[in-house]
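If you want the building blocks of each chain, they are given just below.
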Amino acid sequence: MNIRTLGAGVVARDTRLADGRELIYFDDPGTTLPTERSIDARDLDPRPETATMRQDVLTGDWITFATKRQNRVLMPGADADPLAPQTPTNPSEVPSLYDVAVFENRSPAFGPALASAVGTAPAAIDPPLGLDDLTTVGIGRTRSSVGRCEVVCFSPEHSGSFGTLSPVRARTVIEAWADRTAALSALPGIEQVFPFENRGEAIGVSLPHPHGQIYSYPYVTPRTQRLLDVADDGLFARVLESEQASSRVVLQGEHWTAFVPFAARWPLEVQLMPHRHAADFAELTDAERDELAPLYLRLLRGVDALYSTPTPYIAAWHQAPVRVGRETIRMRLELTSPRRGEDKLKFLAGSEAAMAAWTAEILPEDAAARLRDAIASVPAL
């Protein structure tokens, strides 16, 4: 087991699962866990073959066909939680008790093959040949879905979310995001790294365990590519300045500002942006990471204070691509929810789903005012 000391006193312990997948334990500062961790002694089937991407010639987008994901576990009970620490009756994915654990997804959309072999990851049969190859459009084009998908377990508890963590544990997860962003960005064929959390059955979550994921793509995602096409080096600074001068700010610190964007599409939509340009988590300073932990927790707890039950959301951490746009794209959170009332959801129907022509029912200024009041009602951390 390789042991590394990270920021904020977090310790990373690198090991492997029984089928060769990477597993990293991230220990809280002052953890009470023992130094030694259990070995994964399961008898596992070989990892699935790497999926194939097909190009949509009408848009240039690449679509991954990961058919093995059809058999994923759906909302298991605590006694069969695949993200809980292993027990004699639950042969889960994590052998030992942990604070935070990150491991390669057993049923990934991307990988395990990479553009060239690294460690236990094989070389792909038909990898993309760089960004120029990926942006070339033609009928019948395919490539191997190289990359990596990782699961980030925020806690060994069976239920919860990022917002239910302690500030210390939240800081450990942030350190894990930064460490994995740097490591995944260095893998051959990776063009963009995307940490995210899906929360709630209305979003499509298949496991109640508090966790997120990190996708490492073999291309620049369509959303980011569109931004690269229109952005200049000063765009994010101007956006932040404009939002900070508006009535849409919901939370602000020394290093971060959270706001409902001027043209918010969703009933609940918040962006959280650093005041200084940083392309990704790995570029954040210790001070920025330290402030982010309690500030992000306050934001999420405010979101949950809006209604009598927890709100489903997607917490999407947008980061700059690995090789292009590093000085243009500033990392930021985009948190969105379809919840538009105590018992109402917004569904994307014909105009929005088919034509991406949105109609919003709630003014961003009104949404910001409600969220500010909700955050103000949350007890101090």
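Fair warning: this is a prediction, and the values are worked out from it, not measured in the lab. (Residues numbered from 1 in each chain as written. Predicted model: local features only at pLDDT ≥ 70, side-chain atom pairs only at ≥ 80, totals over all residues. Heavy atoms only, no water.)

(A) Here's a closer look at the overall build of the protein chain. Scanning the protein chain for helices and strands turns up 7 helices and 17 strands. The C-alpha atoms of the protein chain give a radius of gyration of 21 Å, which matches the 21 Å a tight globule of 381 residues would have. Buried positions account for 54% of the 381 residues belonging to the protein chain. Relative to all contacts within the protein chain whose residues are 6 or more apart in sequence, the contacts with residues 24 or more apart total 67%. As displayed, the protein chain offers around 17100 Å² of accessible surface, 53% of which is attributable to carbon and sulfur atoms. Distance between charge centres in the protein chain, computed from 38 positive and 50 negative side chains, equals 2 Å. (Helix = DSSP H or I, 4+ residues; strand = E, 2+ residues; numbered from the N terminus. Rg over C-alpha atoms; globule rule 2.2 N^0.38 Å. Buried < 20%, exposed > 50% of the residue type's maximum accessible area, 1.4 Å probe, protein only. Contact = heavy atoms within 4.5 Å. Areas by Shrake-Rupley, 256 points an atom, 1.4 Å probe, with all protein chains shown as cover. Lys, Arg positive; Asp, Glu negative; His and termini not counted. Charge placed at Lys NZ, Arg CZ, Asp CG, Glu CD.)

(B) Region of interest: a nonpolar patch on the surface. Together, Val57, Leu58, Val137 and Ile139 make up a nonpolar patch on the protein surface, roughly 460 Å² of accessible area in all. Mapped onto the elements of the fold, Leu58 is located in the loop between strand S4 (52–55) and strand S5 (62–65). Of the residues examined, Leu58 reaches a relative accessible area of 78% and is grouped as exposed. (Patch = residues over 30% accessible without salt bridge, like charges linked within 9 Å, V, L, I, M, F, W, Y side chains within 5 Å. Salt bridge = Lys/Arg side-chain N within 4 Å of Asp/Glu carboxyl O.)

(C) View of the packing of helix H5 (residues 286–304) against helix H7 (residues 364–376). Relative orientation of the contacting elements H5 and H7 amounts to 105°, with a least axis distance of 8 Å. Comparing the axis directions of H5 and H7 gives the class roughly perpendicular. Listed contacts from H7 to Arg298, Leu299, Gly302 and Val303 of H5 are Leu371, Ala374 and Ile375. A class-by-class count of the residues in the contact of H5 with H7 yields 5 nonpolar, 1 polar and 1 charged. (Axes fitted to C-alpha atoms, helices over the stretch in contact; angles between N-to-C directions. Parallel < 35°, antiparallel > 145°, perpendicular 65-115°, else oblique. Nonpolar A, V, L, I, M, F, W, Y, C, P; charged D, E, K, R; others polar.)

(D) Layout of the side chain of Arg143. Here Arg143 shows up in strand S7 (residues 142–144). The buried category is assigned to Arg143, whose relative accessible area is 15%. Of note is the side chain of Arg143, whose polar atom sits 2.9 Å from the side chain of Asp133. Look past the residues within four positions of Arg143 in its chain and what remains in contact with it is Thr52, Met53, Trp62, Asp126, Pro127, Pro128 and Asp133. (Polar contact = N/O pair within 3.5 Å; in protein donor to acceptor, adjacent residues only side chain to side chain.)

(E) A look at the sheet that holds strand S11 (residues 249–252). Strand order in the open sheet made by the 12 strands is S1-S2-S3-S6-S8-S10-S9-S14-S15-S13-S12-S11, with antiparallel pairing throughout. The open sheet has two free edges, formed respectively by strand S1 (2–5) and S11, since each of these has just one partner strand. Neighbouring strand axes in the sheet, compared pairwise and without regard to direction, differ in orientation by 20° on average. In this sheet, strand S6 (residues 100–104) lies alongside strand S3 (residues 22–27) in antiparallel orientation, the contact comprising 4 bridges. Looking across to S6, one finds that Leu23 is bridged to Phe103. Across the sheet, helix H2 (residues 167–185) is in contact with S1, S3, S6, strand S8 (148–153), strand S9 (192–199), strand S10 (211–217) and strand S14 (313–318); its angle to S3 comes to roughly 145°. (Pairing = 2+ DSSP bridges.)

(F) Up close: the environment of Gly130. Turning to its location among the elements, Gly130 is positioned in the loop between S6 and helix H1 (131–135). Separated by 60 residues in the primary sequence, Gly130 and Ile190 place their C-alpha atoms 9.6 Å from one another.

(G) Quick peek at the pairing of strand S12 (residues 256–259). Side chains Trp256 and Ala258 of S12 all project onto a buried face; the interleaved residues Thr257 and Phe259 project onto the opposite face, where all are buried too. Sheet topology places S11 next to S12; 3 bridges connect them, and they run antiparallel. Counterpart to Val249 in the pairing with S12 is Phe259. Between S11 and S12, which pair antiparallel in sequence order, lie 3 residues. As paired strands, S12 and strand S13 (residues 268–274) are joined by 4 bridges and run antiparallel to one another. Note on S13: the bridge partner recorded for Phe259 is Gln271.

(H) Main features of the sheet that holds S5. With respect to topology, 3 strands assemble into an open sheet ordered S5-S4-S7, the strand pairing being antiparallel. Two strands lie at the open edges of the sheet, namely S5 and S7, each paired on one side alone. The mean angle between the axes of side-by-side strands here comes to 30°, regardless of whether they run parallel or antiparallel. By the bridge criterion, 4 bridges tie S4 to S5 in an arrangement that is antiparallel. Residue Gln55 lies in a different strand from S5, and its bridge partner there is Trp62.

(I) View of the pattern of salt bridges. Considering all chains together, one arrives at 35 salt bridges under this definition. Note that Arg143 and Asp133 form a salt bridge whose closest N and O atoms lie 2.9 Å from each other. Taken together, the residues Arg143 in strand S7 and Asp133 in helix H1 connect sequence positions 10 residues apart. Across the pair, Asp133 and Arg143 agree in class, each one buried.

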